[in-house]
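# Inside the fold
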There are 2 protein chains.
Amino acid sequence: MQHPDPRRLSINTATVRKQWTLDKIIDGCARHGICGISPWRDQVQALGLEKTARLIRSNALTVSGYCRGGMFPGVDDATRQVASDDNRRAVDEALALGAACLVLVVGGLPGSSKDIAGARQQVKDGLSRLLDYSRNVGMPLAIEPLHPMYAADRACVNTLEQANDLCDELGDKGLGIAVDLYHTWWDPKLFPQLERAGRNRILAFHICDWLVPTRDLLSDRGMMGDGVIDIRSARLAVESLGYQGAHEVEIFSELNWWQQEPNDVLSTCKERHQQYC
Amino acid sequence: MQHPDPRRLSINTATVRKQWTLDKIIDGCARHGICGISPWRDQVQALGLEKTARLIRSNALTVSGYCRGGMFPGVDDATRQVASDDNRRAVDEALALGAACLVLVVGGLPGSSKDIAGARQQVKDGLSRLLDYSRNVGMPLAIEPLHPMYAADRACVNTLEQANDLCDELGDKGLGIAVDLYHTWWDPKLFPQLERAGRNRILAFHICDWLVPTRDLLSDRGMMGDGVIDIRSARLAVESLGYQGAHEVEIFSELNWWQQEPNDVLSTCKERHQQYC
């Protein structure tokens, strides 16, 4: 058994967002000896960007990613322009926080559209425009393929193969992939596409577990070890490719973990990280 | 607009299973001038195989598929043998009903396994054994790729590409694919993999719609036109490849259609078939 380096553990702040505000989460990570954090924009806005950056620095936390940019497709040019402007601000915030990457949830079908190929083209176009900016300021963008059950309303990039194709088409500079096992564990091409991505493209590695049964499409993710994902095999695979970033725990769990005492949640993350990752 | 041939409409009996027993569904299809039906095994068992076959024949219905065989992975040889025996009986029943194919939901992870690659190998092995039987008696087997959200507990074949690969590996004779748009609409490779499958492999074509939001993983499918799937494009694609089989409506809908008067459900299927398929 090859246990993971405990210093690679990072907490995506969604994991305890119902119990704690961002300042408490930063403090909690520090108290529990967790070295990484990945905050969400709404929480950063609530706490203030400069204060967040200062607290993260003073607690010596690594920012494994910033959640999130994306949502490229829109019903018209004006809508897409709003998203574009907002994405540039997200890049700036990610820079201010010293994030390893800006995570992109690319968006689904705009309006009442049934044209998923068209939405995918809009993603490519929007991403290309954002790269003009992000490459210039030096913030890597990480395309996060989302589970196909979110194709309509959250992200129409649903496989690592698609994300790799986008990297091929748009160029690797400042562009890569956020690999979240919740979204990709089922994919028969998971391992070959991780290999295709390789060290340079894998910018983030998110973990949690797939519960059986899953009672809700959005917020019934499991703690590592409580579901069916072979997390360790995937972690060993990305590290054998040279990935040296964080193992970021991101658990949306209305029914369970969001109801727990947050210090217990963080302790459990640490234990399960060692046991199952 | 190229409207579909109304004679291609078929009702998967799951669509009204909460309201009607199988004899009533057969009668309902006949009364509504619907030419095809696809019954489930439990309903056939309840009504009796011979009586079902007689009623279907006397109402001149086409059996677009028989639901279902599969569930190949098991925790041990004994479990897999039980599934194997049961699958042979399903083949025999499909023959007795004159079904176009036996639809296979291949099964997910056995027991508490996290080895999805192993489960997929078990599917291939079990399918290979069943083909020894089904090819001999002349009943085509249709692999149905299920949506990735069912990978753990229902089917670890989740894309058309996987199903095509299985057909390549096991040989095309008596083997093909049931294309269900609910499971495959999101797939960036949907159209190329339909083309790869071609006329000979496409043995069934199932329709319904993906609702936004989807409130339940199992039983919140939509009526054609109520969701985001471009059903017509896919129907035109399979027919341009030479598919001449049914357009089978399969809607699991605890919250809506299973609560409706079943004659209204069948009327709506007919209307929406013309409008959206």
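Keep in mind it's a predicted model, so treat the numbers as computed, not measured. (Residues numbered from 1 in each chain as written. Chains lettered and ligands numbered in written order. Predicted model: local features only at pLDDT ≥ 70, side-chain atom pairs only at ≥ 80, totals over all residues. Heavy atoms only, no water.)

## Looking at the layout of surface pockets
In this model, the largest pocket occupies a volume close to 930 Å³. As for the largest pocket, its lining consists of 44 residues, and the residues nearest its centre are Trp 186, Asp 187, Pro 188, Lys 189 and Leu 190 of chain B. Elements supplying a minimum of two residues to the lining of the largest pocket: helix 5 (116-137) and helix 6 (160-170) of chain A together with helix 5 (116-137), helix 6 (160-170), helix 8 (190-201) and helix 9 (231-240) of chain B. The element that contributes the greatest number of residues to the lining of the largest pocket is helix 5 of chain A, accounting for six residues. (1 Å grid on protein atoms, 1.4 Å probe; cavity = no way out; pocket = protein on both sides within 12 Å on 5 of 7 lines; lining within 4 Å. Points joined across faces, edges and corners; volume = space filled by probe spheres on them. Helix = DSSP H or I, 4+ residues; strand = E, 2+ residues; numbered from the N terminus.)

## Considering the packing of aromatic side chains
Any pair of aromatic rings gets described here by the distance separating the centres and the angle formed by the planes. Tallying each qualifying case throughout the model produces eleven aromatic pairs over all chains. Connected via pairs of aromatic rings, a cluster forms that spans Trp 40, Phe 252 and Trp 258 of chain A. (Phe/Tyr/Trp six-rings, centres within 6.5 Å; stacked < 30°, edge-to-face > 60°.)

## Observations regarding the interface of chain B and chain A
Between chain B and chain A, the contact holds 32 residues from the first and 32 residues from the second. Both sides together, the interface formed by chain B and chain A hides about 2,300 Å², and carbon and sulfur atoms give 67% of it. Three residues, Lys 114, Trp 186 and Leu 217 of chain B, lead the burial of chain B against chain A; their summed loss comes to 26% of the area buried on that side. Run the count over chain B and chain A and you get two salt bridges. One salt bridge in this structure joins Glu 161 of chain B and Lys 189 of chain A, with 3.0 Å as the shortest N-O distance. Our count for the chain B to chain A interface comes out at six residue pairs in polar contact (both at pLDDT 80 or more). Every element with two or more residues in the side of chain B that touches chain A is listed here: helix 5 and helix 6 of chain B. For the side of chain B that touches chain A, a count of residues per class yields 15 nonpolar, eight polar and nine charged. (Contact = heavy atoms within 4.5 Å. Buried area = accessible area lost by both parts, 1.4 Å probe. Salt bridge = Lys/Arg side-chain N within 4 Å of Asp/Glu carboxyl O. Polar contact = N/O pair within 3.5 Å; in protein donor to acceptor, adjacent residues only side chain to side chain. Nonpolar A, V, L, I, M, F, W, Y, C, P; charged D, E, K, R; others polar.)

## A word on the pattern of salt bridges
It is possible for side chains of opposite charge to pair when their charged atoms get near one another. Residues and elements named next belong to chain A. Summed over the entire model, instances satisfying the criterion amount to 40 salt bridges over all chains. Close ionic contact of Asp 226 with Arg 272 constitutes a salt bridge, the shortest N to O distance being 2.9 Å. With Asp 226 in the loop between strand 8 (202-207) and helix 9 (231-240) and Arg 272 in helix 10 (residues 262-276), the pair connects residues that are 46 residues apart, well separated along the chain. Since its relative accessible area comes to 17%, Arg 272 is described here as buried. (Buried < 20%, exposed > 50% of the residue type's maximum accessible area, 1.4 Å probe, protein only.)

## What to know about the nonpolar core
Ranked by size, the top nonpolar core spans 164 residues in total, and within it Leu 127, Trp 185 and Trp 210 of chain A together with Leu 127, Trp 185 and Trp 210 of chain B carry the most contacts. With sequence-adjacent residues up to four places away left out, Trp 185 of chain A is seen in contact with Leu 190, Trp 210, Val 228 and Ile 229 of chain A together with Leu 109, Ile 116, Ala 151 and Ala 152 of chain B. (Core = buried A, V, L, I, M, F, W, Y, C linked by side-chain atoms within 4.5 Å.)

## A look at the relation of the copies chain B and chain A
When chain B is fitted to chain A, the residual RMSD is 0.0 Å, and the transformation amounts to a turn of 180° plus an axial shift of 0.0 Å. Look at the turn and shift together and you get a two-fold axis relating the two. (Least-squares fit on C-alpha atoms with pLDDT ≥ 70 in both.)

## Topic: helix 1 (residues 22-31) of chain B
All names here are of chain B. Within the sequence span of helix 1, burial applies to Leu 22, Ile 25, Ile 26, Gly 28 and Cys 29. Angularly, the buried residues of helix 1 cover 160° about the axis, an arc narrow enough to put them on a single face. Where helix 1 is buried, its residues touch strand 1 (9-12), strand 2 (36-38), helix 2 (41-47), helix 3 (49-58) and helix 10 (262-276). Positive phi shows up at Gly 33, right after helix 1, with a value of about 70°. (Arc of directions from axis to C-beta.)

## Observations regarding the sheet that holds strand 5 (residues 102-105) of chain B
All names here are of chain B. Pairing is parallel in the open sheet, where nine strands are placed in the order 3-2-1-9-8-7-6-5-4. Edge positions in the sheet fall to strand 3 (62-63) and strand 4 (66-70), since each of these pairs with one other strand and no more. Pairing between strand 6 (residues 141-143) and strand 7 (residues 175-180): three bridges, direction parallel. Paired with Ile 143 across the strands is Ile 177, a residue of strand 7. Contacting strand 1 and strand 2, helix 1 runs over the sheet at an angle of about 160° to strand 2. In this fold helix 8 packs onto strand 7 and strand 8 (202-207), with an angle of close to 110° to the strand it touches most, strand 8. (Pairing = 2+ DSSP bridges. Axes fitted to C-alpha atoms, helices over the stretch in contact; angles between N-to-C directions.)

## As for empty space enclosed by the protein
Residue and element names in this part refer to chain B. Under the definition given, this model contains two cavities of 30 Å³ or more. In this model, the largest cavity occupies a volume close to 80 Å³. What lines the largest cavity is simply Phe 72, Arg 80, Ala 83, Ser 84, Asn 87, Gly 126, Arg 129 and Leu 130. Secondary structure elements with two or more residues in the lining of the largest cavity: helix 4 (77-96) and helix 5. With four residues, helix 4 is the largest single contributor of residues to the lining of the largest cavity. Looking at the lining of the largest cavity, its residues break down into three nonpolar, three polar and two charged.

## Examining the side chain of Ser 38 of chain A
All names here are of chain A. On the secondary structure map, Ser 38 appears in strand 2 (residues 36-38). By relative accessible area, Ser 38 is classed as buried at 0%. Side chain to side chain, Ser 38 and Glu 248 meet in a polar contact 3.1 Å long. Not counting the four nearest positions on each side in its chain, Ser 38 is found in contact with Ser 10, Ile 11, Asn 12, Thr 13, Ser 64, Gly 65, Tyr 66, Cys 67 and Glu 248.

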